[in-house]
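One-letter residues, chain by chain:
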Amino acid sequence: MKNASHILASLRQKPSFSKLARFECIRRIQGLFPPHLQRLVRYGYFHNNILYFVLSHPGAKQEFDNIIASIKAPLKQYTPPECRECPPEDIRAFVTHRIQPAGAEDTGLLRQSEAHYTERSEGAFANDTHHPELHRLIERIREHVHARTDSEPA
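Reading the values: rules and limits
Numbering of residues starts from 1 in every chain and runs along the sequence as written. For a predicted model such as this one, the threshold for reporting local features is a pLDDT of at least 70, and the threshold for listing and counting side-chain atom pairs is 80 or more; totals across whole chains, interfaces and linings nevertheless cover every residue. Side-chain measures here rest on the full set of heavy atoms in the structure, leaving out hydrogens and waters. Only a pair of cysteine sulfur atoms within 2.5 Å counts as a disulfide in this structure description. Put simply, DSSP H or I for four residues or longer makes a helix, DSSP E for two residues or longer makes a strand, and each gets a number counted from the N terminus. Residue exposure (1.4 Å probe, protein chains only): buried if accessible area is under 20% of the type maximum, exposed if over 50%, otherwise partly exposed. Pairing between two strands requires that DSSP report at least two bridges joining them. Here is how to tell: hold the view so the strands point away, follow the path from the first strand over the helix to the second, and if it runs clockwise the crossover is right-handed. Comment: axis = line fitted to C-alpha atoms, over the contacting stretch for helices; angle = value between 0 and 180 degrees taken between N-to-C directions. The contact rule is simple, with two residues in contact once any of their heavy atoms fall within 4.5 Å.

### Digging into the state of the cysteines
For the coordinates displayed, the defined rule picks out 1 disulfide. With its sulfur 2.0 Å from that of its partner, cysteine 25 forms a disulfide with cysteine 83. On the S-S bond that ties cysteine 25 to cysteine 83, the torsion sits near 105 degrees, and the link is right-handed. You can see cysteine 25 sitting in helix α2 (residues 18–30) and its partner cysteine 83 sitting in the loop between α4 (58–77) and β3 (90–95), a full 58 residues away along the chain. Given a relative accessible area of 0%, cysteine 83 falls into the buried group.

As structure tokens, this is what we get:
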């Protein structure tokens, strides 16, 4: 039985799906970048056999310009198997100033995410505090934990 990678590999070999090979080539060359620069690449594309990378930050463009020579030289000597059908003549990058739609994920420097987790505590602990304010505070914490565990589905 074939899995998804076998099916995609057989599709990539057909001329009608030649663009899949280009996407693999782009992904392979992007994988040669340092990890911090990979996160700042929005996407890549071919135009007139030139590989363009669209970056999300001007600092990434400067970093890209500093390291691109060390990436181009080995690529001219050894072309990855993914890029044999469409070897890039040159690799360039630019920064886009177009704002992404609200639903699109931003791969830029500022990434905000909310932490979602399930409460693992049940609030089963002894409150041996003799100070009245600390006792009340600990009981409020216990009520908060109980309220979180009661409202979440098991």
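Don't stop here, the text continues.
### Side note on the pairing of strand β2 (residues 50–55)
Most of β2 is tucked away, with 6 of its 6 residues classed as buried. By the alternation rule, side chains of β2 split into Ile50, Tyr52 and Val54 and Leu51, Phe53 and Leu55, which are all buried. Direction of pairing for strand β1 (residues 41–47) relative to β2: antiparallel, over a ladder of 6 bridges. Within the sheet, the bridge partner assigned to valine 41 lies in β2 and is leucine 55. Joining the antiparallel neighbours β1 and β2 is a turn of 2 residues, in which asparagine 48 adopts a positive phi near 55 degrees. In the sheet, β2 pairs with β3 via 6 bridges, with the strands oriented parallel. In the sheet register, phenylalanine 53 faces β3, and the bridge partner there is alanine 93. Considered for its hand, the β-α-β crossover made up of β2, α4 and β3 is right-handed.

### Considerations on the sheet that holds β1
With mixed pairing, the 3 strands of this open sheet are ordered in space as β1-β2-β3. A single partner strand is all that each edge strand has here, and the edge strands are β1 and β3. Adjacent strand axes in the sheet meet at a mean angle of 20 degrees, parallel and antiparallel pairs treated alike. Sitting on the sheet, α2 is in contact with β1, β2 and β3, with an inclination near 130 degrees to β1.

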